[in-house]
Amino acid sequence: MWNFRRLAGNKQGKTVYVRFRLPYYTHWGQSLLVCGSEPVLGSWDVKKGQLLRPVHRGDELIWSGDVAVPGGFGCEYSYYVVDDDKKVLRWEAGKKRKLSLPEGIEHGEVVEVHDLWQTGSDALPFTSAFKNVIFRGTCTLDIERPQGIIQNTSNAEDSIIVHFKVCCPNIDKDTFVYLIGHPLKLGKWKVQDGLKLDYAGEYCKYGKNGKLSVETGFRELSMDSSNGPPKYIFVSDGMLKEPPWRGAGVAIPMFSVRTDSDLGVGEFLDLKLLVDWSVQSGLNLIQLLPINDTSVHKMWWDSYPYSSLSVFALHPLYLRVQALSSNIPEEVEQEIMKAKDQLDGKDVDYEATMAMKLSIAQKIFSLEKDLILNSSSFQKFFSENEDWLKPYAAFCFLRDFFETSDHSQWGRFSLYSKDKLDKLVAKDTIHYDIICFHYYIQYHLHLQLFEAAEYARKNRVVLKGDLPIGVDRNSVDTWVYPNLFRMNTSTGAPPDYFDKNGQNWGFPTYNWEEMSKDNYAWWRARLSQMAKYFTAYRIDHILGFFRIWELPEHAVTGLVGKFRPSIPLSQEELEREGIWDFDRLCHPYIRQEFLQDKFGISWTFIASNFLNEYQKQRYEFKEECNTEKKIVSKLRSCAERSLLLESEDKIRRGLFDLLQNIVLIRDPEDARNFYPRFNIEDSSSFKDLDDHKKNVLKRLYYDYYFHRQEDLWRLNALKTLPVLLNSSDMLACGEDLGLVPSCVHPVMQELGLIGLRIQRMPNEPGLEFGIPSQYSYMTVCAPSCHDCSTMRAWWEEDEERRRRFFKAVVGSNELPPSQCTPEIAEFILQEHVEAPSMWAIFPLQDFLALKKEYTTRPAKEETINDPTNPKHYWRYRVHVTLESLLSDKEIKTTIRELVHCSGRSCPSVGETETGIQENQPTDVIHEKIPSAVQLNGASEKETVAV
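What counts, and where the lines are drawn
- Residues numbered from 1 in each chain as written.
- Predicted model: local features only at pLDDT ≥ 70, side-chain atom pairs only at ≥ 80, totals over all residues.
- Heavy atoms only, no water.
- Helix = DSSP H or I, 4+ residues; strand = E, 2+ residues; numbered from the N terminus.
- Buried < 20%, exposed > 50% of the residue type's maximum accessible area, 1.4 Å probe, protein only.
- Contact = heavy atoms within 4.5 Å.
- Areas by Shrake-Rupley, 256 points an atom, 1.4 Å probe, with all protein chains shown as cover.
- Pairing = 2+ DSSP bridges.
- Salt bridge = Lys/Arg side-chain N within 4 Å of Asp/Glu carboxyl O.
- Axes fitted to C-alpha atoms, helices over the stretch in contact; angles between N-to-C directions.
- Parallel < 35°, antiparallel > 145°, perpendicular 65-115°, else oblique.
- Nonpolar A, V, L, I, M, F, W, Y, C, P; charged D, E, K, R; others polar.
- Expected span 1.5 Å × (residues − 1).
- Bend = angle between axes of the 7 residues up to and from the residue.
- pLDDT = per-residue confidence, 0-100.
- Arc of directions from axis to C-beta.
- Phe/Tyr/Trp six-rings, centres within 6.5 Å; stacked < 30°, edge-to-face > 60°.
- Left-handed = near helix turned anticlockwise from the far one by under 90°.

A tally of regular secondary structure across the protein chain gives 28 helices and 36 strands. Expressed as a percentage of its 946 residues, the buried residues of the protein chain come to 57%. In the protein chain, the proportion of contacts linking residues at least 24 apart, taken out of those at least 6 apart, comes to 74%. Accessible surface for the protein chain amounts to roughly 40800 Å². Of this, 50% is attributable to carbon and sulfur atoms.

If you want it as structure tokens, here you go:
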């Protein structure tokens, strides 16, 4: 941290004028303001910041303003967009700017600061993915001198000292950055009379090997002397305008990896082989699904990786038991070898694998617990993680003791307290060994994942994690922090591409108001923990940070929900429009003819068991089955007594349709507020209304879902997302699929968040298939992802859609092949690697489609998840080992050539640590402070290195 107070020591009677200048387009009613660390700039109180004045200059709107400061002044500052009341509407991304005036500025002189608005994307090269991985070791430059010591040695009265600064984080060894332009000092002399300066210039890279790289486009520097000519101009030219960096990666769940060493499932240490394969295949990134412990039910339901038992603990499933000790007894070694054969199946056997690993780990723990628990390495791990480790171990003990993770069933332990925790994990308890076993497992998981993560970093491969949107309602986090969750609700998604009935994930929604009280400490801790292992991460369902689809806790499906937060339809608003019959609109609308059409001859059984006839041929649900969960329970009871005349599933779907046949949802917390049911026009309740009510409700429906919420949702995201992004230096990507509000992409762009583009799920209206060549740079593109079928399965599952794709995308009217041949796979992959997107990340299954011998397994079996099935078994395993893929030069060469020929970056094979020293601060060495250039008169230094 700079000591700006020391730098700002005032020299009596000496005043200097700093003129801030920034080109920026605003909307009507908006202004630009500069605010900083010193009182003259408001001491970070935006209300006291310095408003700037707008002036049109050509096609630009230039904002500027003068501030009188003492000699030797220094500060940090940022720019803000504000309204007429100085309420912040937008702020710059990235780090605070720094200014320190050089010595030698005379009293009354003007220093002009030329800045460019910093967007979130400007900070991306300084995330750990680039700074510590991709660009690792590419720069050996040192800081020449701090900005505040640059001096004017010229005696020419009409000279102006211009200080150029540009950010270039990717500089190869023996390469330097030069500024070239029109004046002699920039390469060509041309006399200019007077004080008005106007020239175009550009930066370029020049290496000792003669390799020249000139930035794209030209820059222009001009000076307005109407308010007095400046003596110094500080030009911050932002990022060097190079062709944008682009890379490729592979996506695979940790459990899906197969190696010769694993025990029935992919393990953290297997990532080292995956790193080797990625480097040799020209890939810069490995993307995983969540890897946190999900052991809620202690059965295969826990295979769902997004339902965390703890957002901090790692999953024991990924432990390599062979690496727990170098002194494993012979009988345990034999047990491991036997287990390898038993668990080496086509898919993951979740329950058997978990049981076997924990059993073997328990035997090794009993032999080495004292040695490990007393080691300095373990003690360090424990001290750094005890805030979450102790509650996690206590929770696991109580879960097993009470045989349930539902902490409401734990008697006096249902309510968490620090005192109860201390007693549960005390060393003198009879169950202390059980507590320590959970410590032991987490310690070794940490060691193994950290080893793999360091290996990836040193080989310049980004390891990308996944941040789930929710936690299981029976989790450590809801036990310890119940105030942070709305436990009477459930999280999901409205109907979309994945499921026409919406999705219900079962997680409680967040109490954002409570979370904000400590500046979202729980979220910040999550991100800090992830950053120990990952250099990039995917924000699952980023739309949830704008608004979440909230369902009542008693819901099973995801259809009858509402957005939170959202502006509801008030009773007064509806009454003004002539809508009065709220009971008719809010209760299931059930007529006898609906029952007959839906259930046929079984309708009388349905009516007598589930419904009451409150009017002639008008029905309502009985109290004991008036929610989806109650219906499921009663149907199960009827099925056990063999009372059902049709399949339980068919009757359940029919009853759910009746229950969902409403127009409005009444707010359970305020009976005078209402929300339109999603897809309102599909309901027969709506269809039976008169035309006036239909028109009114249709208009209000579109207003609720597509108009009135936009400002609210934008501001909501700008409260929470910046906290996440500032909690670590990981590269952040957002999964922005589904029903995307119009405010989402501008906010993501503003914050420097990278979006996701799946070709079969285009964001553009009217398109059936996305056009990769038209994707924006700030995206990840892919032909498929874990939530849909693979490229090969998608190709084979729908003949008509395949034909349309072949015509629209391939450009052929011929009949497409029924199978996704290697040629088809290569065409689709090539489309994506050639896209402008920053990243092209492909599921490993899509890469395997490039070679016929890897397509013998039925394509449907390669699907990781079925979003329409809330109880899907996540168990897919790749049918070929990483060792086999590493030995397959043909597929590695095919992938590498695809990546390389598209202009994307490829990691160097066999090259790891080079260049910078291990502990050198890379965020410093990547930005070089230049010498000043004097445009009229002599300069200190002929070469301008930035």
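Cis geometry marks the peptide bond from Arg564 to Pro565, where omega comes out at -5 degrees. Examined against the element boundaries, Pro565 turns out to sit in the loop between strand E25 (562–564) and strand E26 (569–570). Positive phi outside glycine occurs at Lys298, with the angle close to 60 degrees. Inspection of the secondary structure puts Lys298 in the loop between strand E17 (285–287) and helix H4 (330–343). The residue Asn519 is not glycine, and still its phi comes out positive at about 60 degrees. Position of Asn519 relative to the elements: it lies in the loop between helix H10 (512–515) and helix H11 (521–530). Residue classification places Asn519 among the partly exposed positions, given a relative accessible area of 43%.

Turning to the sheet that holds strand E21 (residues 503–504), a few remarks are in order. Spatial strand order, E21-E20-E24-E25: four strands in an open sheet with antiparallel pairing. Whereas interior strands pair on both sides, the edge strands pair on one side only; in this sheet they are E21 and E25. Bridge count between strand E20 (residues 489–493) and E21: two bridges; the pairing is antiparallel. Bridge assignment links Ala493 to a residue of E21, and that residue is Gln503.

We now examine the pattern of salt bridges. Where charged atoms from two side chains of opposite charge come close, those side chains can pair. Going through the model one piece at a time under the given rule, you end up with 57 salt bridges. Here Glu386 ties to Lys390 by a salt bridge, and the two come within 3.3 Å at their closest N and O atoms. Here the residue Glu386 and the residue Lys390 both occupy positions in helix H6 (residues 376–402), the gap between them amounting to four residues, near one helical turn. You can call Glu386 partly exposed: its relative accessible area is 27%. Across the pair Asp657 and Lys598 runs a salt bridge whose closest N-O atoms are separated by 3.4 Å. With Asp657 in helix H17 (residues 648–659) and Lys598 in helix H14 (residues 592–599), this residue pair connects regions lying 59 residues apart in the sequence. For Asp657, a relative accessible area of 40% gives the class partly exposed. Overlapping salt bridges bring together Arg486, Glu550, Lys562, Arg564 and Glu669 as one network.

Buried residues dominate strand E18 (residues 462–467), accounting for six of its six residues. Of the two faces of E18, the one carrying Val462, Lys464 and Asp466 and the one carrying Leu463, Gly465 and Leu467 are both buried. Alignment of E17 against E18, held across three bridges, turns out to be parallel. When the sheet's bridge partners are listed, Gln287 is paired in E18 with Lys464. In this sheet, strand E23 (residues 536–539) lies alongside E18 in parallel orientation, the contact comprising four bridges. The residue of E23 that forms the bridge with Leu467 is Ile539.

Quick look at the packing of helix H3 (residues 271–280) against helix H27 (residues 889–901) now. At a minimum axis distance of 8 Å, the contact between H3 and H27 shows a crossing angle of 60 degrees. It follows that H3 is oblique to H27 by the angle criterion. Touching Trp277, Val279 and Gln280 of H3 are Lys892, Ile895 and Arg896, all from H27. Considering only residue class, the contact of H3 with H27 consists of three nonpolar, one polar and two charged.

A separate point is the sheet that holds strand E29 (residues 618–621). Taken in spatial order, the three strands line up as E27-E29-E28 in an open sheet, and their pairing is antiparallel. Every interior strand has two partners, whereas the edge strands, strand E27 (590–591) and strand E28 (611–615), have only one. Of the pairings in the sheet, the one linking E28 to E29 comprises four bridges and is antiparallel in character. Its bridge partner lying in E29, Gln615 is registered against Arg618.

As a further point, take helix H20 (residues 710–726). In this model H20 runs 24 Å from its N-terminal to its C-terminal C-alpha over 17 residues, within 8% of the 24 Å that 1.5 Å per residue would give. Of all the bends in H20, the greatest reaches close to 25 degrees and is centred on Leu718; the proline Pro722 follows between one and four positions later.

Chain-level statistics for the protein chain give a pLDDT mean of 88 and a share of 87% at 70 or above. Counting contacts from residues 140–153, a segment whose pLDDT is below 50, to residues more than four positions away or on other chains yields 50 contacts. Long-range and interchain partners of residues 912–946, a stretch whose pLDDT sits below 50, account for 107 contacts in this model, where long-range means more than four residues apart.

For the rest of this paragraph, the subject is helix H21 (residues 744–751). If you check which residues of H21 are buried, you get Val744, Val747, Met748, Glu750 and Leu751. Take H21 and look down its axis: the buried residues cluster within an arc of 160 degrees, on one side only. For H21, the elements touching its buried residues are strand E7 (88–91), H20, strand E32 (731–734) and strand E33 (755–758).

Within the structure shown, the criterion is met by 61 aromatic pairs. Here Phe20 and Tyr79 contribute two aromatic rings whose centre-to-centre distance is 6.5 Å and whose plane-to-plane angle is 85 degrees, an arrangement assigned as edge-to-face. Here the residue Phe20 occupies a position in strand E1 (residues 15–23), and Tyr79 occupies one in strand E6 (residues 74–82), the gap between them amounting to 59 residues. With respect to burial, Phe20 and Tyr79 carry one shared label: buried.

Closest axis-to-axis distance for the H6/helix H8 (residues 432–458) pair is 8 Å, and the angle between their directions is 130 degrees. Classified by the angle between their axes, H6 and H8 sit oblique to one another. Like other packed secondary-structure pairs, H6 and H8 cross with a definite hand, here right-handed. Looking at the contact of H6 with H8 residue by residue, the class counts come to 15 nonpolar, four polar and two charged.

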